[in-house]
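Tertiary structure, described
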Amino acid sequence: MKLKYISILTILLSSLSCDYLGTSDQSSVNNSKELVASVGSSFLFESDIANLVSVQTNKEDSTLIVERYVRNWIKKELLVKEANSSIKVNQSEIEKKVSDYRYTLLSYEYQKQMIQQLLDTAVSYEEIRSYYEDNRENFSLRQNIFRGRYLKISNDAPKKNDIRRWIKSSRPQDLESLKSYAFQFADNYSLEDSTWIKFDDIIKNSPLSTVSNKVQFLRRNRYVEEVDSVYLYLLKIQEYKISEEASPLEFVQEEIRNIILNKRKVALAKGLENDIYERAKENEDYKIYY
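Thresholds, definitions, all that
Residues numbered from 1 in each chain as written. Predicted model: local features only at pLDDT ≥ 70, side-chain atom pairs only at ≥ 80, totals over all residues. Heavy atoms only, no water. Helix = DSSP H or I, 4+ residues; strand = E, 2+ residues; numbered from the N terminus. Buried < 20%, exposed > 50% of the residue type's maximum accessible area, 1.4 Å probe, protein only. Areas by Shrake-Rupley, 256 points an atom, 1.4 Å probe, with all protein chains shown as cover. Salt bridge = Lys/Arg side-chain N within 4 Å of Asp/Glu carboxyl O. pLDDT = per-residue confidence, 0-100. Contact = heavy atoms within 4.5 Å. Arc of directions from axis to C-beta. Pairing = 2+ DSSP bridges. Phe/Tyr/Trp six-rings, centres within 6.5 Å; stacked < 30°, edge-to-face > 60°. Lys NZ or Arg CZ within 6 Å of the ring centre and 35° of its normal. Axes fitted to C-alpha atoms, helices over the stretch in contact; angles between N-to-C directions. Parallel < 35°, antiparallel > 145°, perpendicular 65-115°, else oblique. Left-handed = near helix turned anticlockwise from the far one by under 90°. Nonpolar A, V, L, I, M, F, W, Y, C, P; charged D, E, K, R; others polar.

A few words on the overall build of the protein chain. The helix and strand tally for the protein chain stands at ten helices and seven strands. Burial analysis of the protein chain (290 residues in total) assigns 30% to the buried set. Summed over its atoms, the accessible surface of the protein chain is roughly 19,900 Å², and 50% of this surface lies on carbon and sulfur atoms.

The next thing to look at is the pattern of salt bridges. Evaluation of the coordinates by the stated rule reveals 13 salt bridges. The shortest N-O distance in the salt bridge between Arg 149 and Asp 193 comes to 2.9 Å. Linking Arg 149 in strand E3 (residues 145–154) with Asp 193 in the loop between strand E4 (188–190) and strand E5 (197–198), this pair joins segments that are 44 residues apart in sequence. A salt bridge links Asp 174 to Arg 171; the nearest nitrogen and oxygen atoms lie 3.8 Å apart. For Asp 174, a relative accessible area of 7% corresponds to the buried category. Residue class for Arg 171 comes out partly exposed when judged on its relative accessible area of 44%.

What follows deals with the confidence of the model for the protein chain. Any region with low pLDDT has predicted coordinates that should not be read closely. Taken over all residues, the pLDDT of the protein chain has a mean of 87, while the share at 70 or more is 89%. Element-level pLDDT for the protein chain is lowest in helix H1 (residues 2–17), with a mean of 42, against a maximum mean of 97 in helix H5 (residues 125–134). The low-confidence segment residues 1–28, where pLDDT is below 50, has 40 contacts with residues more than four positions distant or belonging to other chains.

Moving on: helix H6 (residues 160–168). The set of residues buried in H6 consists of Ile 163, Trp 166 and Ile 167. All buried residues of H6 lie within an arc of 95° about the axis, which places them on one face of the element. As for H6, its buried residues are in contact with E3, helix H7 (172–185), strand E6 (223–227) and strand E7 (231–241).

Turning our eyes to something else, we now look at the pairing of strand E1 (residues 35–39). Summarising burial for E1: four of the five residues are buried, a large majority. Pairing geometry for E1 and strand E2 (residues 42–45), over four bridges, is antiparallel. Following the sheet pairing, Val 39 is matched in E2 by Ser 42.

So, on to the packing of aromatic side chains. All chains considered together, the criterion is met by nine aromatic pairs. Here Tyr 131 and Phe 139 contribute two aromatic rings whose centre-to-centre distance is 6.4 Å and whose plane-to-plane angle is 70°, an arrangement assigned as edge-to-face. Since its relative accessible area comes to 19%, Tyr 131 is described here as buried. Phe 139 gets classed as buried once you look at its relative accessible area, which sits at 4%. Both rings, one in Tyr 277 and one in Tyr 286, keep their centres 5.6 Å apart while their planes meet at 25°; by these two values the pair is stacked. Of the residues examined, Tyr 277 reaches a relative accessible area of 44% and is grouped as partly exposed. Residue classification places Tyr 286 among the partly exposed positions, given a relative accessible area of 31%. Aromatic rings pair up to connect Tyr 131, Tyr 132 and Phe 139 into one cluster. Its end group placed over the ring of Tyr 231, Lys 152 keeps NZ or CZ at 4.4 Å from the ring centre. One cation-aromatic arrangement involves Lys 168 over Tyr 223; the distance from NZ or CZ to the ring centre is 4.3 Å.

Relative to the elements of secondary structure, Arg 142 occurs in the loop between H5 and E3. Here Arg 142 falls in the exposed class, since its relative accessible area comes to 71%. Between the C-alpha atoms of Arg 142 and Ala 246, which are 104 residues apart in sequence, the distance is 9.7 Å.

Put simply, H6 and H7 touch, their axes get as near as 8 Å, and they point 130° apart. The angle between H6 and H7 places the two elements in the oblique class. Like other packed secondary-structure pairs, H6 and H7 cross with a definite hand, here left-handed. Where H6 abuts H7, its residues Ile 163, Arg 165, Trp 166 and Ile 167 lie against Asp 174, Ser 177, Leu 178 and Tyr 181. Classifying every residue of the contact of H6 with H7 gives five nonpolar, one polar and two charged.

This part covers the packing of H5 against helix H10 (residues 249–283). Viewed as axis vectors pointing N to C, H5 and H10 meet at an angle of 100°, and their least axial separation amounts to 9 Å. If you check the angle between H5 and H10, you find them roughly perpendicular. Side by side, H5 and H10 meet where Tyr 125, Glu 127, Ile 128, Arg 129, Tyr 131 and Tyr 132 of the first sit next to Leu 249, Val 252, Gln 253, Ile 256, Arg 257, Ile 259, Ile 260, Lys 263 and Arg 264 of the second.

On to H5, then. Inspection of H5 places Ile 128, Tyr 131 and Tyr 132 among the buried residues, and these make up the whole buried set. Projected onto a plane normal to the axis of H5, the buried residues spread over an arc of 100° and lie on a single side. Structurally, H5 contributes buried residues whose contacts are with H10.

Dropping the structure here:
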């Protein structure tokens, strides 16, 4: 049996490499070139697995992929066969669940395709700001955040005095010099003053991560330098927000955009359902018997 299976698999892989596609018709059950495996009255054909591997996949990987698929198919079929013979199955209940599942899948796919066609994905800043103002209590921070500049450079990096001056400066030309320097020499950096960043993310893997009271640290410091055996860490804090405070709009802007889009999707889905119902009602496409 094992030799026969290997022989069939060899034929299958050879045919796949030549772009051969078998058929899944029951009439091909007796054709050994098309039949791959069977369990009782269930059959697996070449056409069922023809798209498992591409022509670019090498023979060894193709063999492993096909073998794994066939083995899993056999296991599933054997489990169903065993279940049918060992327990009392309420076939009508199974059919009902299959029907419900099919309905759910079809409805989901239809709604998904229609929503993709109809959804307006443009969300204005005014819409985002309005939603934020109406739901500000839902956007409390779950962590400390800050706006500022951070630079991690090697202890033997050049121009350290210039870096210290640039990182504290508000002059645009100094910021450009700092960005150019960071691109060349820094191991890690964040220099966008307008962007809110999670404080724990920026100090991770630095001596600053050992700070026990981060809230107190943020309140007391505007510029900090730390050093270890390899790196120098420079941190300029321009503004900060503490956990449980109201989140700045900029920090949750993308989250709110997604909320608004999800609300539009829900509204579209309900609208589609109602439109189909009303159209069917108008055309007398359904009847109620009671």
